[in-house]
Amino acid sequence: MVKPLMYGYLRVDRDTLDGDIRQMELALKFWAEHEGYCLAGLFHEYDSALNRPALTALIEETRRSNARRVITPSLAHLSTHPVVQHHLLNALEDTGVQVHTLQEN
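Counting restarts for each chain, with residues numbered from 1 along the sequence as it is written. Since the coordinates come from a predicted model, pLDDT governs what is reported: local features require at least 70, and pairs of side-chain atoms require 80 or more to be given and counted, while whole-chain, interface and lining totals use all residues. In computing side-chain properties, one takes all heavy atoms of the structure into account and sets aside hydrogens as well as water.

Participant: It is not clear to me how the pairing of strand S3 (residues 69–72) should be interpreted in this structure. Could you clarify?
Facilitator: Where a strand is regular, its side chains alternate between the two sheet faces. Pairing between two strands is assigned when DSSP locates at least 2 bridges connecting them. In DSSP terms, a helix is any run of H or I states spanning at least four residues, a strand is any run of E spanning at least two, and both are numbered starting from the N terminus. Pairing between strand S1 (residues 5–11) and S3: two bridges, direction parallel. Residue pairing across strands places Gly8 opposite Ile71, the latter belonging to S3.

The structure is reproduced here in structure tokens:
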């Protein structure tokens, strides 16, 4: 059986240690596998401004690949500002993507 595709999204500070990033990546991969998905790729956002080139690329890739799931450590990886977070979550969901977080029960 072919597992459905899923992509990961991380927004990280430029001073985040490589080991910490790798730990988050492994946690996303483990979650995806445990839930029956194939983690097809990870998108890393290093820009702390309002533009989100990796998120834009992620949305384009989900459209191209017909993947309908995204995993992120928490919604704070979209934004820590509630209004911006809500806007970006809606932008993803408007394309038919369901967002999962590691914090789900």
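Here the narrative resumes.
Participant: So what exactly am I meant to see when it comes to the packing of aromatic side chains here?
Facilitator: To describe a pair of aromatic rings, one takes the distance between the centres and the angle between the planes. In summary, the pairing rule links any two rings of Phe, Tyr or Trp, Trp by its six-membered ring, whose centres are within 6.5 Å, and it sorts them by plane angle into stacked for under 30 degrees, edge-to-face for over 60 and tilted for everything else. Under the criterion given, the structure shown has two aromatic pairs. Each ring, one from Tyr7 and one from Phe43, has its centre 5.8 Å from the other, and the planes form 65 degrees; the classification is edge-to-face. Placement of the pair is Tyr7 in strand S1 and Phe43 in strand S2 (residues 38–45), with a sequence separation of 36 residues. As far as the burial class goes, Tyr7 and Phe43 line up, both buried. Remark: exposure states derive from per-residue accessible area (1.4 Å probe, protein chains only) relative to the maximum for the residue type, with buried under 20%, exposed over 50%, and partly exposed in between.

Participant: What is the right way to look at the pattern of salt bridges in this model?
Facilitator: Two side chains that carry opposite charge are able to pair once their charged atoms sit near each other. Think of a salt bridge as a Lys or Arg side-chain nitrogen and an Asp or Glu carboxyl oxygen that are within 4 Å of each other. In total, this model carries three salt bridges according to the counting rule given. Lys29 is paired through a salt bridge with Glu33; the nearest N and O atoms lie 3.4 Å apart. With Lys29 and Glu33 both in helix H1 (residues 18–34), this residue pair falls four residues apart, about one helical turn. The partly exposed category is assigned to Lys29, whose relative accessible area is 41%.

Participant: Would you mind going over the environment of Phe30 with me for this structure?
Facilitator: Here Phe30 shows up in helix H1. Look at Phe30 and you get exposed, because its relative accessible area is 57%. Linking Phe30 and Ser74, residues 44 residues apart in sequence, is a C-alpha distance of 15 Å.

Participant: For this particular structure, what's the right way to read the pairing of S2?
Facilitator: Where S1 lies against S2, seven bridges are found, and the strand directions are parallel. If you follow Met6 over to S2, its bridge partner there is Leu39.

Participant: Help me understand the sheet that holds S2 in this model?
Facilitator: Strand pairing in a sheet is mediated by backbone hydrogen bonds. Such pairs are either parallel or antiparallel. Pairing is parallel across the open sheet formed by four strands, whose spatial order is S2-S1-S3-S4. The sheet is open, and its two edges are formed by S2 and strand S4 (98–101), each paired on a single side. Along the sheet, successive strands turn relative to each other by an average axial angle of 25 degrees, direction set aside. Note that S3 and S4 share four bridges and pair parallel. Within S4, the residue paired with Ile71 across the bridge is His100. Under this scheme, a helix contributes an axis fitted over its contacting stretch, all axes are lines through C-alpha atoms, and angles between N-to-C directions fall in the 0 to 180 degree range.

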